[in-house]
Amino acid sequence: MVFQNLIGGRERPASDGMTLDVFSPVDGSLFARIAAGTPQDIDEAVAAARTALDGAWGRLTATERGRLLMKLATLIEARADELALLESRDNGKPLRQSRADAIALARYFEFYGSAADKLHGDVIPYLNTHFVGVERVPHGVTGHIVPWNYPMQIFGRSVGAALAAGNATVVKPAEDASLTILRVSALAREAGLPDGALNVVTGLGRTAGAALAGHPGIDFLSFTGSPETGTAVQIAAAKNHVGVTLELGGKSAQLVFDDADLERALPTLVSAIIQNGGQTCSAGSRLLIQRGIFQDVVDAVAERFRTLRAGHPEREPDLGPMINQAQQRRVMGYLERGRNEGLSIVAEGVVCLDAPPGGYYVAPALLAPVPHDSILSQEEVFGPVLVATPFEDEAEAIRLANGTPYGLAAGVWTRDAMRAPRVARAMRAGQVFVNCYGAGGGIELPFGGFGRSGHGREKGFEGLIEFTTTRTLVVAHG
Ligand code: TXE
């Protein structure tokens, strides 16, 4: 199966005809090929987007744009099972997670489609002789560099918002997970999206990705991925004087106070790191536990960890394989470094005996106690590895929670009604959850980071605003 680029409404091979092999992380088998997009393909995609903006796409009213996106949402929902199967094959995530991603993707297009004609500007009181209006306008052509961990959701949150705001888009999916994005882009054509409003060029980050990030025809960029690549993308954007939103992952803490409702907390403390095999930017990868209950909570989490199973995505495992061998090695490497630091793994899950031998499976691991300055407390592992650290009091809990370069999400578990908002509001994080975590995907909820987690906001109405700029209109009438 060969998947082509989508440029100006046409499926096309890479300009030089080259392809990349697609291996399934489930069993390591070669099962598809994608176009190895070139800088020339990016040039043509950007030109096609500009043509759409100046033509059929740019002429639509906000209501018409919104209707097309909502139609696309309906088509996606109808194909959720098919998309889920393809995603699980391509990315390795358990089928139920892939299905949830497909439904979330539909919901992004529904949310942003229905918001398209509710996005309005302001009137500013100025001189009595002048009328001043501030109009919300699209940036123009937007570039979207998408990672492999939640391809459908991240595509939906950024492309859905960009299109709703009236931009024309060029997308570079991750080389390890491009297939569902290509399928959904074909559905967008079926929904009636004018040619060139949505272009997709697959390929390597260092060629197609870098060409998109540095393209002078791009007016705004959205990037989700690693801090290192995010820096390169921001430098490229700066050279063209365009803005960029960066979502760069995290090392998010869950703070468990000694008055917490543990029955409620425990399943979430585990699922927050196990979801998607820990390959989640907002994974709750650090457990900060008040000293008096530290051992009890660690024991209870350990008991749950021992039941976790990594296995074939279609056999209802707790987690599937890592996305590729490099990621599997990265996770094992962190565990090795932890051992070298003298840390102990207090509980491990299992890799199922029937997990295909060529797949990139990793058994979940819980480490405790882990000092705050350990590499495992400070760096994003991006795998099913949870570290637990004790704290004495509220002040120390806040200091530890905020004590990494990241700042994406945090969870606060306490029954104290005064402490809950006090601690939550002390978190240097873009999203803070009290007595819950993740809140069900949160299409409506602004999301983004502080510090090394990046800047700008996606999701919710804030995400839509990011894909606009303003034009101030001053009209003299006296
Ligand atoms: O990321 P990259 P990788 C973190 C996670 C993971 C690590 C490495 O810790 O282990 O990053 O993953 C494109 N110019 N996250 O190597 O390189 C690339 O093709 C322009 C956290 O996969 O950042 C892909 O589409 N683009 C994260 C996208 O960037 C370039 C999700 C992300 O790849 C490029 C993923 C370049 N020079 C990884 N080089 C999160 N925030 O959730 C690569 N790309």
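From a predicted model like this one, the values you see are computed outputs, not experimental measurements.

The rules behind the values
Residues numbered from 1 in each chain as written. Predicted model: local features only at pLDDT ≥ 70, side-chain atom pairs only at ≥ 80, totals over all residues. Heavy atoms only, no water. Near = heavy atom within 4 Å. Polar contact = N/O pair within 3.5 Å; in protein donor to acceptor, adjacent residues only side chain to side chain. Areas by Shrake-Rupley, 256 points an atom, 1.4 Å probe, with all protein chains shown as cover. Helix = DSSP H or I, 4+ residues; strand = E, 2+ residues; numbered from the N terminus. Nonpolar A, V, L, I, M, F, W, Y, C, P; charged D, E, K, R; others polar. Core = buried A, V, L, I, M, F, W, Y, C linked by side-chain atoms within 4.5 Å. Buried < 20%, exposed > 50% of the residue type's maximum accessible area, 1.4 Å probe, protein only. Contact = heavy atoms within 4.5 Å. Axes fitted to C-alpha atoms, helices over the stretch in contact; angles between N-to-C directions. Parallel < 35°, antiparallel > 145°, perpendicular 65-115°, else oblique. Domains from an automatic or database assignment. Buried area = accessible area lost by both parts, 1.4 Å probe. Salt bridge = Lys/Arg side-chain N within 4 Å of Asp/Glu carboxyl O. Expected span 1.5 Å × (residues − 1). Pairing = 2+ DSSP bridges. Right-handed = clockwise from strand over helix to strand, strands pointing away. Phe/Tyr/Trp six-rings, centres within 6.5 Å; stacked < 30°, edge-to-face > 60°.

J.: For this particular structure, what's the right way to read the site of the ligand?
T.: Taken together, 26 residues lie near the ligand, and Val146, Trp148, Lys172, Glu175 and Ser226 sit nearest. Between an oxygen atom of the ligand and a side-chain N or O atom of Glu175, the distance comes to 2.5 Å. In the environment of the ligand, a nitrogen atom lies 3.1 Å from a nitrogen or oxygen atom belonging to the side chain of Glu247. Protein contacts shield 84% of the accessible area of the ligand, which totals 820 Å² for the unbound molecule. When contributions to the shell around the ligand are tallied by element, the ones reaching two or more residues are α8 (205-213), β11 (220-224), α9 (227-239) and α12 (325-340). Considering every element that reaches the shell around the ligand, the biggest residue donor is α8, with three residues. Partitioning the shell around the ligand into residue classes produces twelve nonpolar, nine polar and five charged.

J.: What am I meant to see in the nonpolar core here?
T.: The biggest cluster of nonpolar side chains holds 83 residues, and the ones touching the most others in it are Trp57, Ile76, Phe109, Phe155 and Leu193. If you tally residues by element for this core, the top one is helix α5 (residues 95-115), at nine residues. Apart from the residues within four sequence positions on either side, Phe155 is in contact with Leu105, Phe109, Val146, Gly160, Val171, Ile181, Val184, Ser185 and Leu198. In terms of nonpolar packing, the next biggest core, distinct from the first, is built from 30 residues, Val256, Leu266, Ala302 and Leu308 among them.

J.: Explain the packing of α5 against helix α6 (residues 151-164) to me, please; I cannot follow it from the model alone.
T.: The description of two helices packed together rests on the angle between their axes and the distance between the axes. Put simply, α5 and α6 touch, their axes get as near as 8 Å, and they point 10° apart. The angle between α5 and α6 places the two elements in the roughly parallel class. Residues Gln97, Ser98, Asp101, Ala102, Ala104, Leu105, Tyr108, Phe109 and Tyr112 of α5 pack against Met152, Gln153, Phe155, Gly156, Arg157, Gly160, Ala161, Leu163 and Ala164 of α6. Of the residues assigned to the contact of α5 with α6, the class counts are eleven nonpolar, five polar and two charged.

J.: Even after reading the chapter, I still don't get the domain arrangement of the protein chain, so can you show me in this structure?
T.: Quoted interface sizes are often the accessible area lost when the parts come together. Partitioning the protein chain into structural domains gives domain 1 (2-248 + 454-476) and domain 2 (253-441). Taking only C-alpha atoms into account, the centre of domain 1 sits 31 Å from that of domain 2. Across the boundary between the two partners, domain 1 contributes 23 residues, which contact 29 residues of domain 2. The junction of domain 1 with domain 2 conceals about 2000 Å² of combined surface from both sides, 54% of it contributed by carbon and sulfur atoms.

J.: Help me understand the pattern of salt bridges, please; the structure alone is not making it clear to me.
T.: A side chain of one charge can pair with a side chain of the opposite charge if their charged atoms are brought near each other. All chains considered together, the criterion is met by 24 salt bridges. Two residues, Asp219 and Arg50, come together in a salt bridge whose shortest N-O distance is 2.9 Å. Of this pair, Asp219 sits in the loop between α8 and β11 while Arg50 sits in helix α1 (residues 39-54), and the two are 169 residues apart along the sequence. Since its relative accessible area comes to 25%, Asp219 is described here as partly exposed. In this structure, Glu228 engages Arg452 in a salt bridge whose closest nitrogen and oxygen atoms are separated by 3.1 Å. With Glu228 in helix α9 and Arg452 in the loop between β21 (431-434) and β22 (454-455), this residue pair connects regions lying 224 residues apart in the sequence. Residue Arg452 is classed as partly exposed on the basis of its relative accessible area of 34%. Salt bridges sharing common partners tie together Arg107, Glu110 and Glu444.

J.: Would you mind going over helix α4 (residues 80-91) with me for this structure?
T.: Three- or four-residue spacings in an α-helix give side chains the same orientation, since the helix completes a turn every 3.6 residues. Between its terminal C-alpha atoms α4 stretches 16 Å, which fits the 16 Å expected from twelve residues at 1.5 Å a residue. Those residues of α4 that sit buried are Ala80, Leu83, Ala84, Leu86, Glu87, Ser88, Asp90 and Asn91. If you follow the buried residues of α4, they end up packed against β4 (19-23), β5 (30-35), α3 (62-78), α5, α6 and α7 (179-191). Phi turns positive one or two residues past the end of α4, at Gly92, with a value near 90°.

J.: What's the story with the pairing of strand β13 (residues 252-256) in this structure? I'm lost.
T.: Sheet faces and side chains relate simply in a regular strand, where the side chains alternate between the two faces. With five of five residues buried, β13 lies mostly within the body of the structure. Bridging between β13 and strand β14 (residues 284-290) involves five bridges; their strand directions are parallel. Bridge assignment links Ala253 to a residue of β14, and that residue is Arg286. Once you follow β13 into helix α10 (residues 262-274) and on to β14, the crossover reads as right-handed.

J.: Help me understand the sheet that holds β5 in this model?
T.: Backbone hydrogen bonds hold the strands of a sheet together, and the pairing may be parallel or antiparallel. Pairing in this open sheet of three strands is mixed, and the strands run β1-β5-β4 from one edge to the other. Where the open sheet ends on each side, the last strands, each with one partner, are β1 (2-3) and β4.

J.: Is there a simple way to explain the packing of aromatic side chains in this structure?
T.: Here the distance between the centres and the angle between the planes together describe a pair of aromatic rings. Throughout the structure, instances matching the rule amount to seven aromatic pairs. Their ring planes at 85° and their centres at 5.0 Å tell us that Phe111 and Tyr112 sit as a pair that is edge-to-face. What makes Phe111 buried here is its relative accessible area of 15%. A residue is classified by how much of its surface remains accessible, and Tyr112, at 0% relative accessible area, is buried.

J.: What's the story with the sheet that holds strand β23 (residues 468-476) in this structure? I'm lost.
T.: Across the sheet, which stays open at both edges, the three strands sit in the order β6-β7-β23 with antiparallel pairing between neighbours. The open sheet has two edge strands, β6 (122-123) and β23, and neither has a second partner. Where β6 meets strand β7 (residues 130-138), two bridges bridge the pair, whose relative direction is antiparallel. Residue pairing for β7: Val123 is matched across the bridge by Gly133.

J.: Would you explain the pairing of strand β12 (residues 243-247) in this entry?
T.: Within β12, four of the five residues are buried, leaving the element largely enclosed by the surrounding structure. As defined by bridge partners, β11 adjoins β12 across five bridges and the pair is classed as parallel. Directly across from Leu221, in β12, lies its bridge partner Val244. What joins β11 to β12 is α9, and the crossover it makes is right-handed.

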